[in-house]
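# Structural overview
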Amino acid sequence: MNRPELDYYAVLDIPRNVTKEQITLAYRRMAVRLCPHRDKKYELDFVPMAQEGRLTHLSPMAETKQWAYINMAYDVLGNELYRAIYDRYGEAGLFEGVMLPNGYFPPYQYHGDHMEVYERVFSSYSPYANVIDAITNPPSLYATREHGVGVRHKDANTERIIHLSLEEVRTGCVKLMHVWRQEIVDARESRLEKRKHTLKLIIQPGTTAGTRYCFKEEGDRYPTTIPGDIIFIAADRPHPTFERRNMHDLVYRYDINLAQAYTGFIFYVNTLDKRQLKIVISDVVTPGYQKIVPLEGLPKCRNLDAVNAIKQANKRIEEFGDLIIEFNYIFPRYLTPQMKKLTREFYQEFRKLEMELEEEERMQMQGT
């Protein structure tokens, strides 16, 4: 590398064998002193070292540079994987990437957002945010004759499962979800009434099970609370023909007898979008054999922001999963003595021909 390696432990003024909690504590101690949003007039009260012109052990280095170093150091040491790679391979291995037993670790790159690291530790932009926010952004209040004055808390969210057929997942659809909720029906906020409310649910092609659709604050309306969210969770409805696998692949099972397994066969599959696929099997269908038809599965859902979703609304989807065809062997339920005899004779003759073929292949290999 073009510059000397940075000792992240020295930056945070800690030994190399410290625990993760001790790393966080060291970062917090320095971050409170170096955060650019701090009020410098109170440094003498909270940071005794400031009396000597030294905020941290890194002084007299510029405060902006100290701030950048401690955030980068914690971004590495606060992550167990990054720390393990740094401890073993140094900063060079971290930045250049290394081969690990379970695969290649790509080069690490610091994102450069110091406040993101700070807020990850303090869960806010300031360690005193709970006091500051109460003043600058006071909580929502209510005032009624019946309940007096108080803080409005948000109601619990309502979650509902919505079952989607594979046909709906294949093409996408729009569902109008009707919900009944309490609503305030007079200006004095004294009377409630159950009313039907319709929510528009846009199902994108390829939507996977577990996708959550959140309608913010669309729950029951009460004068003393903030409405909760209504959340719809997508789930797959069982299909009589296909089964979803690996999010975007479709599995189709076809029954065959032993003659078909040996000699090959042709059959047709009706797809979810009303097409018919001709499937030709010329291989011997051994146990575990699969026929994979590329790009005949479900579309791969594209999670787009609002702008890109509008731009690509009419764009044809070209990324699909595969159709995986598996085979079930159908054996006869009963064989008569004559049928058993014919079967033995067939396999004896079959074995002779198989051995002749192996011998012929061996002679050809020796001849070449």
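Residues numbered from 1 in each chain as written. Predicted model: local features only at pLDDT ≥ 70, side-chain atom pairs only at ≥ 80, totals over all residues. Heavy atoms only, no water.

## Digging into helix α4 (residues 63–77)
Taking 1.5 Å per residue as the helical rise, α4 with its 15 residues ought to reach 21 Å, and the 21 Å between its terminal C-alpha atoms agrees with that figure. Of all the positions in α4, only Q66, W67, I70, N71, M72, A73, Y74, D75, V76 and L77 are classed as buried. (Helix = DSSP H or I, 4+ residues; strand = E, 2+ residues; numbered from the N terminus. Expected span 1.5 Å × (residues − 1). Buried < 20%, exposed > 50% of the residue type's maximum accessible area, 1.4 Å probe, protein only.)

## Regarding the sheet that holds strand β9 (residues 212–215)
Strand order across the open sheet formed by three strands is β6-β11-β9, with mixed pairing between neighbours. Pairing within the sheet leaves two strands with one partner each, and these edge strands are β6 (158–164) and β9. Mean inter-strand twist for the sheet, computed between neighbouring axes without regard to direction, equals 25°. Direction of pairing for β9 relative to strand β11 (residues 230–236): antiparallel, over a ladder of four bridges. Its bridge partner lying in β11, Y213 is registered against F232. (Pairing = 2+ DSSP bridges. Axes fitted to C-alpha atoms, helices over the stretch in contact; angles between N-to-C directions.)

## Describing the environment of T158
The topology assignment puts T158 in strand β6. Sequence separation between T158 and D220 is 62 residues, and the spatial gap between their C-alpha atoms is 9.7 Å.

## Overview of the side chain of Q66
Mapping Q66 onto the fold places it in helix α4. Once residues lying within four places of it in the same chain are set aside, the contact partners of Q66 are L34, T56, L58, S59 and M61. (Contact = heavy atoms within 4.5 Å.)

## Remarks on the packing of α4 against helix α5 (residues 80–96)
Between α4 and α5, the least distance of the axes is 10 Å, while the angle of their chain directions is 125°. Relative to α5, the element α4 lies oblique. Taking contact as the criterion, the partners of M72, D75, V76 and L77 in α4 are, on α5, Y82, R83, Y86, E91, L94 and F95. Its residues assigned to classes, the contact of α4 with α5 shows seven nonpolar, no polar and three charged. (Parallel < 35°, antiparallel > 145°, perpendicular 65-115°, else oblique. Nonpolar A, V, L, I, M, F, W, Y, C, P; charged D, E, K, R; others polar.)

## Let's talk about the packing of aromatic side chains
Enumeration according to the criterion identifies 20 aromatic pairs in this entry. Geometrically, the ring pair formed by F95 and Y108 is stacked, given 6.0 Å between the ring centres and 10° between the ring planes. One end of the pair, F95, is in helix α5; the other, Y108, is in the loop between β2 (103–105) and α6 (114–122), with 13 residues separating them in the sequence. When the centroid spacing of 6.4 Å and the interplanar angle of 70° are considered together, the rings of Y347 and F350 count as edge-to-face. Linking Y347 with F350, this pair stays in helix α11 (residues 337–367), spanning three residues, or about one helical turn. Taken together, the ring pairs connect Y254, F265, F267, Y289 and F327 into an aromatic cluster. (Phe/Tyr/Trp six-rings, centres within 6.5 Å; stacked < 30°, edge-to-face > 60°.)

## With respect to the nonpolar core
One recurring pattern in soluble globular proteins: nonpolar side chains tend to sit buried together. Ranked by size, the top nonpolar core spans 35 residues in total, and within it Y8, L12, Y27, W67, I70 and L77 carry the most contacts. Every element with two or more residues in this core is listed here: α1 (8–11), α2 (20–34), α4, α5, β1 (98–100) and α6. Setting aside residues up to four positions removed in sequence, L12 forms contacts with I23, A26, Y27, M30, H57, I70, A73, Y74 and L77. Among the nonpolar cores identified, the runner-up in size contains 34 residues, and C173, F215, I281 and Y289 belong to it. (Core = buried A, V, L, I, M, F, W, Y, C linked by side-chain atoms within 4.5 Å.)

## Regarding the pattern of salt bridges
All told, the structure shown has 19 salt bridges when counted by the stated rule. Across the pair E326 and R253 runs a salt bridge whose closest N-O atoms are separated by 3.4 Å. Remark: R253 occurs in strand β13 (residues 249–256) and E326 occurs in strand β17 (residues 323–329); sequence separation between them is 73 residues. Looking at R253, the relative accessible area reads 37%, which means it is partly exposed. The shortest N-O distance in the salt bridge between R351 and E354 comes to 2.8 Å. (Salt bridge = Lys/Arg side-chain N within 4 Å of Asp/Glu carboxyl O.)

## Topic: a nonpolar patch on the surface
There is a patch of nonpolar side chains on the surface, built from Y262, V284, F346, Y347 and F350 and spanning about 460 Å² of accessible area. When residues of the nonpolar patch are assigned to their parent elements, the largest contribution, three residues, is made by α11. Note that Y262 resides in helix α9 (residues 258–263). (Patch = residues over 30% accessible without salt bridge, like charges linked within 9 Å, V, L, I, M, F, W, Y side chains within 5 Å. Areas by Shrake-Rupley, 256 points an atom, 1.4 Å probe, with all protein chains shown as cover.)

## Remarks on the confidence of the model for the protein chain
For the protein chain, per-residue confidence averages 84 on the pLDDT scale, and residues scoring 70 or more make up 82% of the total. Confidence, expressed as mean pLDDT per element, reaches its minimum in the protein chain at helix α10 (residues 306–311) with 45 and its maximum at strand β14 (residues 265–270) with 97. (pLDDT = per-residue confidence, 0-100.)

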